[in-house]
Amino acid sequence: MARTRPFHGRNRSSILLGATMKILAIETSCDETSLALVEASGGIKNPRFKVLKNIVSSQIDIHRPFGGVVPMLAKREHLHNLPKLWKQLKKEKPKFDLIAVTVGPGLSPALWAGIEFAKSLAKELKKPLIGANHMEGHLYSTWLTLSAKEKIQFPAAALVVSGGHTMVLALESPTRWDNLGETRDDAAGEAFDKVARLMGLPYPGGPEIQKLALKGDAKAIAFPRPMLREKNYEFSFSGIKTSVLYYVRDNPKTKKADLAASFQQAIIDVLVGKTIRAAHEYGAKSVLLSGGVSANKLLRETLSGESKKLGAKFFVPDFEFNTDNAAMIAAAAYMQKMRKKSLKMEAQPNLGL
Ligand code: KG4
Ligand code: ZN
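Scoring rules and cut-offs
- Residue positions are given per chain, counted from 1 along the sequence in the order it is written.
- Chains carry letters and ligands carry numbers; both start at the beginning, A for chains and 1 for ligands, and go up in the order they are written.
- For a predicted model such as this one, the threshold for reporting local features is a pLDDT of at least 70, and the threshold for listing and counting side-chain atom pairs is 80 or more; totals across whole chains, interfaces and linings nevertheless cover every residue.
- Here the side-chain values reflect all heavy atoms present in the structure, with hydrogen atoms and water set aside.
- Aromatic pairing here means that ring centres of Phe, Tyr or Trp (its six-membered ring) are within 6.5 Å. Orientation follows from the plane angle: under 30 degrees is stacked, over 60 is edge-to-face, and everything else is tilted.
- Per the convention used, a helix needs a DSSP run of H or I reaching at least four residues, while a strand needs a run of E reaching at least two, with both numbered from the N terminus.
- For each residue, the accessible area found with a 1.4 Å probe, counting protein chains only, is set against the maximum for its type, and the residue is called buried under 20%, exposed over 50%, and partly exposed in between.
- The rule for a charge over a ring is simple: NZ of Lys or CZ of Arg within 6 Å of the ring centre, and within 35 degrees of the ring normal.
- Should DSSP find at least two bridges between two strands, the strands are taken to pair.
- To get an axis, a line is fitted to the C-alpha atoms, and for a helix only the part in contact is used. The angle between two axes follows their N-to-C directions and goes from 0 to 180 degrees.
- Throughout, a residue-residue contact means that at least one pair of heavy atoms, one from each residue, lies within 4.5 Å.
- Only residues whose relative accessible area exceeds 30% and that take part in no salt bridge are eligible for patches, with like-charged residues grouped when within 9 Å of each other and nonpolar side chains (Val, Leu, Ile, Met, Phe, Trp, Tyr) grouped when within 5 Å.
- Only the protein chains shown count as cover for residues, and all accessible areas are computed by the Shrake-Rupley method using a 1.4 Å probe.
- In what follows, salt bridge is the name for a side-chain nitrogen of Lys or Arg lying within 4 Å of a carboxyl oxygen of Asp or Glu.
- Joining through side-chain atoms within 4.5 Å is the link that ties buried Ala, Val, Leu, Ile, Met, Phe, Trp, Tyr and Cys residues into a set, and such a set is a nonpolar core.
- Nearness of a residue to a molecule or strand requires only that one of the residue's heavy atoms be within 4 Å of it.
- A 3.5 Å cut-off defines polar contacts: any pair of N or O atoms within that distance qualifies, except that in protein one atom must be a possible hydrogen donor and the other a possible acceptor, and neighbouring residues in sequence count only when both atoms are side-chain atoms.

Caption draft 1: Spatial organisation of the packing of aromatic side chains. Counted by the stated rule, this structure contains 8 aromatic pairs. Ring geometry for phenylalanine 192 against phenylalanine 263: centres 5.3 Å apart, planes inclined by 80°, an arrangement best described as edge-to-face. Separated by 71 residues along the polypeptide, phenylalanine 192 in helix 6 (residues 188–198) and phenylalanine 263 in helix 9 (residues 256–281) bring together distant segments of the chain. A residue is classified by how much of its surface remains accessible, and phenylalanine 263, at 0% relative accessible area, is buried. An aromatic cluster is defined as three or more aromatic residues linked by ring pairs; in this entry it consists of Tyr140, Trp143, Phe154 and Trp177. Directly above the aromatic system of tyrosine 233 lies the positively charged group of arginine 277, at a separation of 5.0 Å from the ring centroid. Here the guanidinium or amino end of arginine 300 rests over the ring plane of phenylalanine 319, the centre of that ring lying 3.9 Å away.

Caption draft 2: Highlighting the sheet that holds strand 4 (residues 98–104). If you walk across this open sheet you meet the 5 strands as 3-2-1-4-5, and the pairing is mixed. The open sheet terminates on both sides in strands that have one partner only, identified here as strand 3 (48–58) and strand 5 (129–133). Each neighbouring strand pair of the sheet contributes to a mean axis angle of 25°, computed without reference to strand direction. Note: strand 4 against strand 5, 5 bridges, orientation parallel. Residue pairing across strands places isoleucine 99 opposite leucine 129, the latter belonging to strand 5. Strands strand 1 (21–27), strand 2 (32–41) and strand 3 of the sheet are contacted by helix 3 (residues 71–90), whose axis makes an angle of about 40° with strand 2.

Caption draft 3: Structural context of a nonpolar patch on the surface. A surface patch of nonpolar side chains, about 320 Å² in accessible area, is lined by Leu198, Leu245, Tyr246 and Val248. Considering each element in turn, the nonpolar patch owes the most residues, 3 residues, to helix 8 (residues 238–250). Among the secondary structure elements, tyrosine 246 is positioned in helix 8. Residue class for tyrosine 246 comes out partly exposed when judged on its relative accessible area of 44%.

Caption draft 4: Local environment of the nonpolar core. Among the nonpolar cores identified, the biggest contains 46 residues, and Phe237, Phe263, Ile267 and Leu271 are the most heavily contacted of them. Elements with a contribution of two residues or more to this core: strand 6 (156–161), strand 7 (166–173), helix 6, helix 7 (205–213), helix 8, helix 9, strand 9 (286–290) and helix 10 (297–310). Residue contributions to this core peak at 14 residues, all from helix 9. Those residues in contact with isoleucine 267, other than ones at most four positions away along the chain, are Ala188, Ala191, Phe192, Phe237 and Ile240. Counting 40 residues, the second largest nonpolar core, distinct from the first, contains Met135, Leu146, Val160 and Ala326.

Caption draft 5: Quick peek at the site of ligand 1. Taken together, 19 residues lie near ligand 1, and Gly163, Asp193, Gly292, Asn296 and Asp324 sit nearest. Here aspartate 193 contributes a side-chain N or O atom positioned 2.7 Å from an oxygen atom of ligand 1. Residue asparagine 296 places a side-chain N or O atom 3.0 Å away from a nitrogen atom belonging to ligand 1. Its free accessible area being 550 Å², ligand 1 has 91% of it covered by the protein chains. Where the shell around ligand 1 is concerned, the elements lending two or more residues are helix 5 (134–144), helix 6 and helix 7.

Here is the structure:
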């Protein structure tokens, strides 16, 4: 039977039990414009996602000369890219029940570009629209590439680490968690970007430092491991950047590869140390890693190894879903829909977890 009403009109109880739905998601919180089509099912207890399409248009080349993301330029590019990506997706005659858009956290002008586009698309296509939390997106990105056999067991500990955030969560279930701690100043990704910049490497710094570090000695320089020994789950990465700056000033002949490797190791020791402590304290059966910095191979390997030592299973999404993408926004929107939770349809630059 042809559906005559949008998704809301369907049997509500079937939604709560985990109805299957197709979601068109839009992400514009920072410097990637992304559109995705995801089929979601299973409900909040055992969510399952099938990514049918995930298109990402990166603005990195535009922001690179400025050494970081310029919000108004990001907005301009999103406004330019969104119709282009939609045109590309439309060719495949996508069918979906719901439109989802990131409402925060992120850069206000960039978020508004996505929200306005989503609003007009929802109106034009007469589809319901839902706002999603970008950080929940990173968290749920871990579910995007689970195989049919895999299941995330709880309790779980999660490290969500990106250019804007560094946080450790203890999860009781896919939708209930305690935010154990965040960074007091710079996020880990931001530290990678800033150190890369002072080393004369291009933006974004994470992948550049990772590449250079392969040729260096991680034990060459003993950079501080900020807050590692403190019995909390907070981070502070702004001091390490200053340490690198002074080290370069006082030792101008240092091999750049040694600098990169030693810095990367210091950051990873802190991230892994705190996450594993949380996993231990909460008796985690699973350890989850997500966010842009989770693309770092050494971080993945180290956290995976340490999780196994604890007897916990380690989960990280495929590389495609580490940095910003709209597929993860569809996942966050599905979980939100299942919880009947809604977010205001306006830019919320400081939205938390
Ligand atoms: O999640 P994301 O795409 O955007 C935010 O929500 O912030 O994360 C981008 C951050 C940047 O700081 C970038 O340098 C970092 O992730 N990043 C990496 C790597 N790839 C991206 N950091 C370390 N190693 C990497 N391989
Ligand atoms: Zn992100």
